[in-house]
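Summary of the model geometry
Chain by chain, the residues:
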Amino acid sequence: MSLRPAISTGTATPTIEGAGVHLHRAFGFQDPKAHDPFLLFDDFRNDNPEAYYRGFPWHPHRGIETITYVLNGTVDHSDSLGNTGSLKAGDVQWMTAGSGIMHQEMPSGNSMGQMHGFQLWANLPGSLKMTSPRYQDVGAKEIPEIIDDDGTRVRVITGSFWGQTGPVDGIAADPLYLDISYLAKFADASDPQGVLLEKEVLGQELNIRDLSGNRTLVRFGTGDEIVVRAGPEGMRFLLVAGSPIREPVAWHGPIVMNTQEELHQAFTDLRNNQFIKPQDH
Ligand code: CO
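This report concerns the structure included in the present document. From a predicted model like this one, the values you see are computed outputs, not experimental measurements.

Moving on: the pairing of strand β9 (residues 92-96). Burial of β9 is extensive: five of the five residues sit out of reach of the surface. Neither face of β9 is open: one carries V92, W94 and T96, the other Q93 and M95, and all of them are buried. Where strand β6 (residues 64-72) meets β9, five bridges bridge the pair, whose relative direction is antiparallel. Along β9, the bridge assignment pairs E65 with T96. Taken together, the five bridges between β9 and strand β12 (residues 134-138) define a ladder with antiparallel strand orientation. For M95, the partnering residue across the bridge sits in β12 and is Y135.

Here is the structure:
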């Protein structure tokens, strides 16, 4: 077994998206190969409704998948296929845009005004860019949660981990998406000194200690495993992995194709009202 080396770290950048949503972008719109098969990762944790309530009104997507994971608050969504719904705390929506959808995503906070969540974009290979759009809405209760004896909690959104398999399937990038927490508060409250200070999540050796803080992105190279140790305050992080697609990327806004011609066609389709393709079913 080999450890995956941490090959870069970065801090998410304040960004304004949609109709004026203040968020933090861990990566996206720079080198599209850097995180292949993933294109973008936005952290929209925010406690101020003024900074997010305008949301993400109607916009198109083609050629990608968007994965929305809500921790607090609600995201109301609707789309050109006629789907409507609300993502609540702990819910996940895995949207395969394929040949094209129009949708809107409108956030609202919880009773404390918190709107917390993340959106990841996964690329589609050329063979699937024009596939039929598909949604997988996954309620919090459907996501297996593993609770280890020492208080480590792992929510398995997709992929397999410790014998559990997440409910999202059929995804091109064959991804692993885990929400892992080791929180000191799970330890015996009467004995705070007894908190396990170091927790090996995978494997035997230290790897990213001291590299990560809030809104830090750590990118790993290839290998079999990573190792994470939490300090006394505990730790929570998302672990995301997928198979690289290794194809040319032509990207403009919410549309990601292989060639400039395909990109041009997408915007022509938008102008001509031919962006949404008739579906077989
Ligand atoms: Co969108």
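Here the focus is the layout of surface pockets. Counted as a void, the second largest pocket has a volume near 320 Å³. In this structure, the second largest pocket is lined by 22 residues; those nearest its centre are E17, F56, H59, Q119 and W121. Going through the elements one at a time, β3 (21-27), β4 (38-43), β5 (56-61), β10 (101-108) and β11 (116-123) are the ones with two or more residues in the lining of the second largest pocket. The element that contributes the greatest number of residues to the lining of the second largest pocket is β5, accounting for four residues. Broken down by class, the residue content of the lining of the second largest pocket amounts to 11 nonpolar, seven polar and four charged.

Right, let's get into the coordination of the cobalt ion. Binding of the cobalt ion to the protein goes through H59 (NE2), H61 (NE2), H103 (NE2) and E105 (OE), at separations of 2.1 to 2.8 Å. Considering all four donor atoms around the cobalt ion, angles at the metal cover 85 to 175 degrees and the coordination shape is irregular. Within one chain, the residues donating to the cobalt ion are spaced in sequence as H-x1-H-x41-H-x1-E. Within this pair, whereas H59 is found in strand β5, its partner E105 is found in strand β10, the two being separated by 46 residues in sequence.

With respect to the secondary-structure elements, P14 resides in strand β2 (residues 13-17). Sequence separation of P14 and D43 is 29 residues, and the distance between their C-alpha atoms is 9.4 Å.

Right, let's get into the sheet that holds strand β14 (residues 152-158). Strand pairing within a sheet occurs via backbone hydrogen bonds; the two strands may be parallel or antiparallel. Read from one edge to the other, the open sheet built from four strands follows the order β13-β14-β17-β19, with strand pairing classed as antiparallel. The open sheet has two edge strands with one neighbour each: β13 (145-147) and β19 (235-241). Strand-to-strand twist in this sheet, taken as the mean axis angle between neighbours without regard to direction, amounts to 15 degrees. In this sheet, β14 lies alongside β13 in antiparallel orientation, the contact comprising three bridges. By the bridge assignment, I147 is partnered in β14 with R153.

Parameters at a glance
- Residues numbered from 1 in each chain as written.
- Predicted model: local features only at pLDDT ≥ 70, side-chain atom pairs only at ≥ 80, totals over all residues.
- Heavy atoms only, no water.
- Buried < 20%, exposed > 50% of the residue type's maximum accessible area, 1.4 Å probe, protein only.
- Helix = DSSP H or I, 4+ residues; strand = E, 2+ residues; numbered from the N terminus.
- Pairing = 2+ DSSP bridges.
- 1 Å grid on protein atoms, 1.4 Å probe; cavity = no way out; pocket = protein on both sides within 12 Å on 5 of 7 lines; lining within 4 Å.
- Points joined across faces, edges and corners; volume = space filled by probe spheres on them.
- Nonpolar A, V, L, I, M, F, W, Y, C, P; charged D, E, K, R; others polar.
- Donors = N, O, S within 2.8 Å, 3.2 Å for Na, K, Ca; no water.
- Tetrahedral: all angles 85-135°; square planar, octahedral: opposite > 155°, others 65-115°.
- Axes fitted to C-alpha atoms, helices over the stretch in contact; angles between N-to-C directions.

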